[in-house]
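# Descriptive analysis of the structure
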Amino acid sequence: MLPQNPDMFYSYAGNSACTYLCKSQRKRSHSVVVPDAGESCCHPINTGLRAELAGDRFSPQKYSCTMPLTRFSVSLDRELLRRFDARIRRDRCPTRSKAIGDLIRAALVQDEWRAGDEVAGAIVLVYDHHRRDLLRRLANIQHDCHATIISTQHIHLDHDNCLEIIAVRGAPAGIHDLVKRLKAVKGLKHVSLAAGTTGARLC
Ligand code: NI
């Protein structure tokens, strides 16, 4: 079965080629690019596609999921493992393997930022739009950094307060520079950066 409400299905082939398949496209033509037999795929959607399309023009073998997994044993302090398991339960993480994989990916994303690779993320601002000159200053900074900014979303939280989410992509230095310039603006109640990734180097 396919997931209940997927806006977009994700198919992964090899290390670099990603194919996005909209639900509507699938219904129209099934014209999807799928991993060739033997290539890696790492998303559960492939299982769904396999079932969905098995009776159609694609053979199930074309979707065979051959993402290599490696088992390894880890020795940990008992108390450390107990706390880790408690955290997994609290976060409703289904398995230790997933939890460890998430930690590794988070560390690799930090490496991307340190190494100066292309990264992506979001800057969150909260401010009172009545503050004198504030909107003009924010607009000037964002225009100066337009190459880094993908989009900006503005939400009117209440009569006074605004939430602004600035999606960014590019070199970490450029993003940090933008954050510093925003933090220097007087009148902002909150500035934070969610340091994410383009996902291109992760699986
Ligand atoms: Ni507003």
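Criteria and cut-off values
Residues numbered from 1 in each chain as written. Predicted model: local features only at pLDDT ≥ 70, side-chain atom pairs only at ≥ 80, totals over all residues. Helix = DSSP H or I, 4+ residues; strand = E, 2+ residues; numbered from the N terminus. Buried ≥ 20, exposed ≤ 12 C-beta atoms within 10 Å, placed from the backbone. Contact = placed C-beta atoms within 7 Å. Expected span 1.5 Å × (residues − 1). Arc of directions from axis to C-beta. Core = buried A, V, L, I, M, F, W, Y, C linked by C-beta atoms within 7 Å. Pairing = 2+ DSSP bridges. Axes fitted to C-alpha atoms, helices over the stretch in contact; angles between N-to-C directions. pLDDT = per-residue confidence, 0-100.

### Brief notes about the overall build of the protein
In terms of helices and strands, the protein carries six helices and six strands. The buried share of the protein, taken over its 203 residues, is 12%. For the protein, long-range pairs separated by at least 24 residues make up 63% of all intrachain contacts whose partners lie at least 6 apart in sequence.

### What about helix α6 (residues 172-183)?
Look at α6: 16 Å from first C-alpha to last across 12 residues, which is about the 16 Å you get at 1.5 Å a residue. If you check which residues of α6 are buried, you get I175, L178 and L182. Take α6 and look down its axis: the buried residues cluster within an arc of 60°, on one side only. Facing away from the buried surface of α6 by more than 90 degrees, the exposed residues are A173 and K180. Turning to α6, the residues buried within the fold contact β3 (119-128), α5 (134-144), β5 (161-170) and β6 (188-195).

### Observations regarding the nonpolar core
Counting nine residues, the largest nonpolar core consists of I123, L125, Y127, I149, I166, V168, I175, L178 and L182. When contributions to this core are tallied by element, the ones reaching two or more residues are β3, β5 and α6. If we skip the residues at most four places from it in the chain, L178 touches I123, C145, T148 and V168.

### Regarding the environment of D177
Within the element layout of this structure, D177 appears in helix α6. The class for D177 is partly exposed, based on 15 C-beta atoms found within 10 Å. In the structure, D177 is positioned 32 residues away from C145 in sequence and 9.0 Å away in space, judged by C-alpha atoms.

### Some remarks on the sheet that holds β5
Spatially, β4-β5-β3-β6 is the arrangement adopted by the four strands of the open sheet, whose pairing is antiparallel. Here the strands that pair on one side only, and so sit at the sheet edges, are β4 (149-156) and β6. Strand-to-strand twist in this sheet, taken as the mean axis angle between neighbours without regard to direction, amounts to 15°. Note that β4 and β5 share seven bridges and pair antiparallel. By the bridge assignment, Q153 is partnered in β5 with I165.

### With respect to the environment of H156
Mapped onto the elements of the fold, H156 is located in strand β4. On the neighbour-count criterion, H156 (10 C-beta atoms within 10 Å) is exposed. Separated by 30 residues in the primary sequence, H156 and V126 place their C-alpha atoms 9.9 Å from one another.

### Brief notes about unusual backbone geometry
A positive phi angle, close to 55°, is found at R92, a residue other than glycine. Considering the arrangement of structural elements, one finds R92 in the loop between α3 (78-90) and α4 (96-115). In this structure, D133 is a non-glycine residue whose phi angle is positive, near 70°. Summarising the element assignment, D133 is placed in the loop between β3 and α5.

### Observations regarding the confidence of the model for the protein
For the protein, the mean per-residue pLDDT works out to 78, and 67% of the residues sit at or above 70. Here residues 1-48 scores under 50 on pLDDT; set against residues more than four positions off or in separate chains, the count is 63 contacts. Throughout residues 50-65 the model reports pLDDT below 50, and contacts reaching past four residues in sequence, or to other chains, amount to 20 contacts.

### Examining the environment of H190
Structurally, H190 can be placed in strand β6. When the C-alpha positions of H190 and Y127 are compared, they lie 6.9 Å apart, and in sequence the two are 63 residues distant. When neighbours within four sequence positions are excluded, H190 is seen to be in contact with V124, L125 and V126.

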